[in-house]
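Architecture at a glance
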Amino acid sequence: MSDSAAEGFPNLRLVAHPLVQHKLAVLRDKTTPPIAFRQLLRELGLLLGYEITRDLPLERRPIETPIAEMQAPHLAGEITIVSILRAGLGLAEGIRELMPMAREGHIGVFRDPKSKQPQEYYVKLPEDPGRALLIDPMLATGGSAAHAIDVLIARGVPASEIRFLCLVAAPEGVSRLAEAHPEVPIVAGALDSHLDSHAYIVPGLGDAGDRLFGTL
């Protein structure tokens, strides 16, 4: 099965690679302990990071090989990996391995349990982020992701230069993000069924931050 846009969600690209699907299944399992959960997040960051960087622009720079001079392709411009705290840190670790030259930023947002609305508590970004890879394992209501994109745009990052990466998405979150920021593509490992009454993704994988850090 090849990677494809999900039907009805043109801004969503699902990664159907067998390794992604297998590791995601193990990650979902409630018996997977934090140490294995952490390792799987890093590995999935590596695999999904390949997809989210697929269309990054290149520029030619002169180098000299042992044989001859040439104009060699290099990534163009600055790239910043932006984790939505705290669960985004696990995925970002894998992407950092792919692009150790990238800078990093952090946006702290939590969802108010009563209103289900995002509450910002921390922002630390480079002065000029360039292109931004925004990372969060879950896209549930879409509120935190939409808020984080608003923060990046306010810091000078064009919406067209932002990409959002998650493991599991709910249709409600994809719709909200597409409505708020249609220019931002979403790369995900799976599109799940729906949100429950507590705004958790079904079947989902639980609270990714708690499972990552063992704070259940």
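Structure: above.
Read on for a plain summary of the structure. Here the structure is a predicted model, which is why all the values come from computation and not from measurement.

**Here's the deal with the pattern of salt bridges**
In this structure the tally under the stated criterion is 11 salt bridges. A salt bridge links Glu51 to Arg13, with the shortest nitrogen-to-oxygen separation between them at 2.7 Å. Residue Glu51 is located in helix α2 (residues 34–52), and its partner Arg13 is located in strand β2 (residues 9–14); the two are separated by 38 residues in the primary sequence. For Arg13, a relative accessible area of 31% gives the class partly exposed. We note a salt bridge from Arg131 to Glu161, for which the minimum N-O separation is 2.9 Å. Of this pair, Arg131 sits in strand β8 (residues 131–135) while Glu161 sits in the loop between α4 (143–154) and β10 (162–169); the two residues are 30 residues apart in sequence, bridging distant segments of the chain. Arg131 sits in the buried class, given a relative accessible area of 16%. One salt-bridge network, in which partners are shared between bridges, spans Arg13, Glu51 and Arg54.

**Re the packing of helix α1 (residues 18–28) against α2**
Running from N to C, α1 and α2 point in directions that differ by 155 degrees, and their axes come no closer than 10 Å. Taken together, the axis directions place α1 and α2 in an arrangement best described as roughly antiparallel. Classified by chirality, the crossing of α2 by α1 is left-handed. On α2, the residues that touch Leu19, Val20, Lys23, Leu24, Val26 and Leu27 of α1 are Phe37, Leu40, Leu41, Glu43, Leu44, Leu47 and Leu48. Looking at the contact of α1 with α2 residue by residue, the classes come out as 11 nonpolar, no polar and two charged.

Parameters and conventions
Residues numbered from 1 in each chain as written. Predicted model: local features only at pLDDT ≥ 70, side-chain atom pairs only at ≥ 80, totals over all residues. Heavy atoms only, no water. Salt bridge = Lys/Arg side-chain N within 4 Å of Asp/Glu carboxyl O. Helix = DSSP H or I, 4+ residues; strand = E, 2+ residues; numbered from the N terminus. Buried < 20%, exposed > 50% of the residue type's maximum accessible area, 1.4 Å probe, protein only. Axes fitted to C-alpha atoms, helices over the stretch in contact; angles between N-to-C directions. Parallel < 35°, antiparallel > 145°, perpendicular 65-115°, else oblique. Left-handed = near helix turned anticlockwise from the far one by under 90°. Contact = heavy atoms within 4.5 Å. Nonpolar A, V, L, I, M, F, W, Y, C, P; charged D, E, K, R; others polar.

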